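Commentary on secondary and tertiary structure
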Amino acid sequence: MLLQLNNIFKWVNSGGQRIFLLKDINLNVEEGEFISIMGPSGSGKSTLLNVIGMLDAFDEGEYNFLDESVHTLKEKHRANLYKEYIGFVFQSYHLLDELTVKENLEMPLLYKKFKGSERKAMVADMLDRFNIVGKKDLFPAQLSGGQQQLVGIARALISSPKLILADEPTGNLNSKQGEEIMELFKQLNNEGVTIIQVTHSEKNAEYGSRVINLLDGRMI
Amino acid sequence: MYKLFLKIAWRNLLKNKVFTLANVIGLTLAFAVAILLSMTALFELSYDQFHTNKDSIYQLALSNQTPKGTRTSTASPVPLAPSLKNEVPGIKQITRAVSEDALVTYQEKELVLDAHYVDPDFFAMFSYPIVLGNGNHPFSDKRSVAITERTSQLLFGDTNAIGKTIYLLLGKEDRPFTISSILKDLPTNSSVDFQIAIPFENHSDYAENLDVWDSNFHEVYVELDKGVSADQFEKNTWEFTNMHYSENIENLVRDGAQPDANNQYKQFHLLPYTDVHFVSYASGSIQVQRTFPYLILGISFLIIFIACANFINMNIALSEKRLKEIGMRKTLGAIKGQLFFQFWTESLLIFVTALFLGLVLGNLLIDPFKILFNTEATLANLTKPSILLGFFVAMFLIIFIAGGYPALLLSKMNTLRALKGKWEMGKNGIRNVLIVVQFVIAIILISGTLVLQGQLQFMRDKDLGYNKEQVISIPLNGKKDSYRVINLLREELQNNPNILEVTGADNNLGRGRDGSLSTSKWGFDHKQRGVTTNILTVDHDYLKTLDIELLSGRTFSPEFKADSLSLVINQAMVKELNETDPISVKIMMDDSIAYTVIGVIKDFNFQKITKEIEPLTLFMNRDWDLYYAYVKVAPGTLSKSFEFLKTAWEKIEPNAEFQGSFLDENIDRTYRREKMMTTIITSGSILGIVLSCIGLFAISLLVVAQRTKEIGVRKVIGASVSSITLLLTKDFLKLVGVAFVIATPIAWYALNQWLQGYAFHISLSVWFFIGAGLLATVIAFITVGGKTLKAASVNPVDSLRTE
């Protein structure tokens, strides 16, 4: 068992009323799964992903990640936990504009205090694996959307996480680029990486092994 | 349209309360302080400008080529002025002038007045208007005097003073004088200040020096004929000097002096009268220095600059939030001019408010300011049309540039980019330059503060070679004979165990409450060589009272009858005489009288600490008056003894004001200029730092806003709060570092120049600058750190949710 959500509630108070963003979410994720979260805009997909990624807090319920109960952890431990095990991929890539491809890839390693030689090897490895060696000295703005997302995924993967959280990874891409990215995810999943993605597209959802549908913060 | 702009501007300012407040406070402070400082500076610069003939009036100075270099002095001998007028063409009017205290008696009243002994031409040359009496000739004869309105009020109350007879103590006798004119009170920005003007012939030293060319004690002012240039006149005096000073020049040549560029050993110089207030002869030649007022003007300019830089930076920082508004307005059809005008209106609103508040604040602070900075300046001095015009032009430029620059940037934005909220500012060049300049200013001012405070403290703590803590000096300003007063004091005080010694001398140490500083010098030939020394007449126990160390020989003593022909000299004088064993050396001072050196004392700083210790010779001669009494009191009961002394004085001299003060106070008083400069620079640096920090704070807001996304991304991929804080702060600290590198050489150069003016000064250690740099860094870090720490702790989800 990689992670387990029990009776998760999240709400905001607005104008005296409690508006639920997540309502009684129960979810078990095994290692090696490829889950797609679907639902209309505002149904809570991204919120759920953020909760799983420990970026966002919840108001009620329990969350266990690799036998650690996240809801009782201090901020610092929680940060260490997701730093160690989780990689994020965003719809708008979120690469650092002023860094080159190579430097973008290196950034997470810096924060994890890898040695210079190790970092070099790992970055080279990743560039190689994603076939972007030729682009290593370019800046994000000089790449196409698909290539930027490729770098984004490479960055998420570089410190070998157990779980990849992807928030509409193909949302800003054309269909051909999107397909390539999804193929990549599929391949990663086959190599043993657990993936949870938020998506609007039925076609993309089919790449996954399981689909979770959300409506108004509720699993249906 | 304009009403609408004002309305929008007002709402926008309200919306950003923190920024509006920070801007208004910063600008208000800057304006208030700049107004006060400029007021002081312009007041200083306005000295003596009120004389109608100021462009043709000069002070006469004589430079001497001595073997030790050029020495310039404005003191002149009595026969000089009349001879000069008769023998050298080009003089329209000429006057001698000397300032001295005069003891005035009218019926029961006895007053010490600042007297100015002058020739009749004085009133025709200078613009001191006459209220009552005869026009341009206030002296109807040699027994008549002119007084100012305030003095008239002091002496006669509201009754008409003209024709009244007063008595003046001249030398040792009271002589009657008639008041023939009342002068308007002298403006505060006059370098000459007097309460009573007396015909020069009445000066106590006049008669005996009528034909003496080597007793110099007064100044000479010259007004040249139209069309005569100062240069031309100076050349015309060559023959005159060579003739009248021939003997003196021969001595200079004999002692090995080198002639000046014009092959002259003595040369008259005409110093424009408007320069008199700013002149210094410290280096031997005439140096006119207006550094001080310009320094103050400079500081006020820098403060305004810092505040304006803040305004620009903050406005740009704020614009980030308004990009959508700009884009929207543009799609709705606003043209560049309209947008510019709208934003500029907001700036205008802030500036006008700040300027108004600054004027109000400046006015409220004017009294404490005048006390703190010891200036007579008033805002009324500034209400001249030219100054007001300059003020408005400056304000307009400031508002136009500082307010207009951000407005221009915003109105130039590309519509589409603005709509998308993309801010492309060309790598923050302007912003960084402004911050660096701000910190350069701040670091220079801080290191200036540290060095000035250090020097001031050094001068206060320095061992001057005499006891300054326990000794009180009292100006002998009464009518009684000085030796009698001192003896009366001795008798009166002898039963008080806290009074240790009483003595007297003809000069003060430091500047007393009577405000006077003087030097007496004497030149004579010793072994065929010219020698100059400062001279001081003392009473018994002088060394004991002041704890001055006697190195060899003996001091004056009642046991030796002939001590009026004995001399005690200091170490510098020993060197000047070039004697290995100075004791018993005979010195022919006047051609006929032989003095004998009986003792050598250790050098002590009898003059300002800016000067090296000069040769000094002590005399004891009952025929020469003393002007100050010195009383040493026991430690521990200083203020009680002081009160006791005051009571004793009032018994002895009931009509004379007691002006006694401790020597350390006197010495402190000579540091007036240094203290004022330190206060100005210190307050300037504090204000500079505060304003720079307000600005830096605003910039940190901007940077955080610009880098929100980046912070989020970095956190998501694992950055810790501290590493992000460091990342954001680093950029600012880099700017401070650059500022430090630029500021240090400038500050070092300027401060080194300043310290060179002091014979005794602290050494300029690197730590002053490192200290200033560190202080600036720490303050910058604290300012920026808080905001960035907050930004770094924000949940990245919030910052990444912009999709």
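Refer to the structure above for everything that follows.
Residues numbered from 1 in each chain as written. Chains lettered and ligands numbered in written order. Predicted model: local features only at pLDDT ≥ 70, side-chain atom pairs only at ≥ 80, totals over all residues. Heavy atoms only, no water.

1. Quick word on the packing of helix H2 (residues 17-45) of chain B against helix H11 (residues 336-373) of chain B
All names here are of chain B. What counts here: Axes here mean lines fitted to C-alpha atoms, for a helix over just the part in contact, with angles spanning 0 to 180 degrees between N-to-C directions. Under the DSSP-based scheme used, a helix requires at least four consecutive residues in state H or I and a strand at least two consecutive residues in state E, with every element numbered from the N terminus. Relative orientations are named as follows: roughly parallel for angles under 35 degrees, roughly antiparallel for angles over 145 degrees, roughly perpendicular for angles from 65 to 115 degrees, and oblique for any other angle. Put simply, a crossing is left-handed when the front helix is turned counterclockwise from the back one by less than a right angle, and right-handed when it is turned clockwise.
One can describe the packing of H2 onto H11 by two numbers: an axis separation of 7 Å at closest approach and a directional angle of 45 degrees. With respect to each other, H2 and H11 are oriented oblique. Relative to H11, the crossing made by H2 is right-handed.

2. Some remarks on the environment of His-244 of chain B
Residue and element names in this part refer to chain B. Definition in use: Relative accessibility under 20% of the residue-type maximum defines a buried residue, over 50% an exposed one, and the middle range a partly exposed one, all with a 1.4 Å probe and only protein chains included. The contact definition used throughout considers only heavy atoms, calling two residues in contact when any of these lie within 4.5 Å. We call two N or O atoms a polar contact when they sit within 3.5 Å, provided that within protein one can donate a hydrogen and the other can accept it, with sequence-adjacent residues counted only if both atoms are side-chain atoms.
Along the chain, the position of His-244 falls in helix H7 (residues 238-244). The class of His-244 is partly exposed, set by a relative accessible area of 23%. Taking the C-alpha atoms as reference points, His-244 and Ser-83, 161 residues apart in sequence, are found 9.4 Å from one another. Excluding its chain neighbours within four sequence positions, the residues that come into contact with His-244 are Ser-83, Glu-87 and Trp-213. A distance of 2.8 Å separates the side chain of His-244 from the side chain of Glu-87, its partner in a polar contact.

3. Section: unusual backbone geometry
Residue and element names in this part refer to chain A. Unusually for a residue other than glycine, Asn-7 sits at a positive phi of about 45 degrees. Locating Asn-7 in the fold gives a position in strand S1 (residues 3-14). Its relative accessible area of 39% is what places Asn-7 among the partly exposed residues. Positive phi values are uncommon outside glycine, yet Asn-131 reaches one of about 60 degrees. Checked against the element boundaries, Asn-131 lands in the loop between helix H4 (116-129) and helix H5 (145-157).

4. Describing a negative patch on the surface
All names here are of chain B. Rules: Here the term patch refers to residues with relative accessible area over 30% and no salt bridge, with like charges joined within 9 Å and nonpolar side chains (Val, Leu, Ile, Met, Phe, Trp, Tyr) within 5 Å. For every accessible area listed, the method is Shrake-Rupley and the probe measures 1.4 Å; residues are considered covered only by the protein chains on display. Each reported salt bridge corresponds to a side-chain nitrogen of Lys or Arg within 4 Å of a carboxyl oxygen of Asp or Glu. The positive count covers Lys and Arg only, the negative count covers Asp and Glu only, and His and the chain ends enter neither. All charge positions are set by atom: Lys at NZ, Arg at CZ, Asp at CG, Glu at CD.
The grouping of Glu-100, Asp-101, Asp-114 and Asp-193 at the surface amounts to a negative patch. Tracing the sequence through the fold places Asp-101 in strand S4 (residues 91-106). Taking relative accessible area as the criterion, Asp-101 reaches 45% and is therefore assigned partly exposed.

5. Focus: the pattern of salt bridges
Residues and elements named next belong to chain B. Scanning all chains against the criterion turns up 29 salt bridges over all chains. The partner of Glu-492 in a salt bridge is Lys-651, and the shortest N-O contact between them spans 2.6 Å. Taken together, the residues Glu-492 in helix H15 (residues 482-493) and Lys-651 in helix H18 (residues 638-652) connect sequence positions 159 residues apart. Residues joined in a network through salt bridges with shared partners are Arg-254, Asp-255 and Asp-525.

Just geometry here; none of it tells us what the structure is for.
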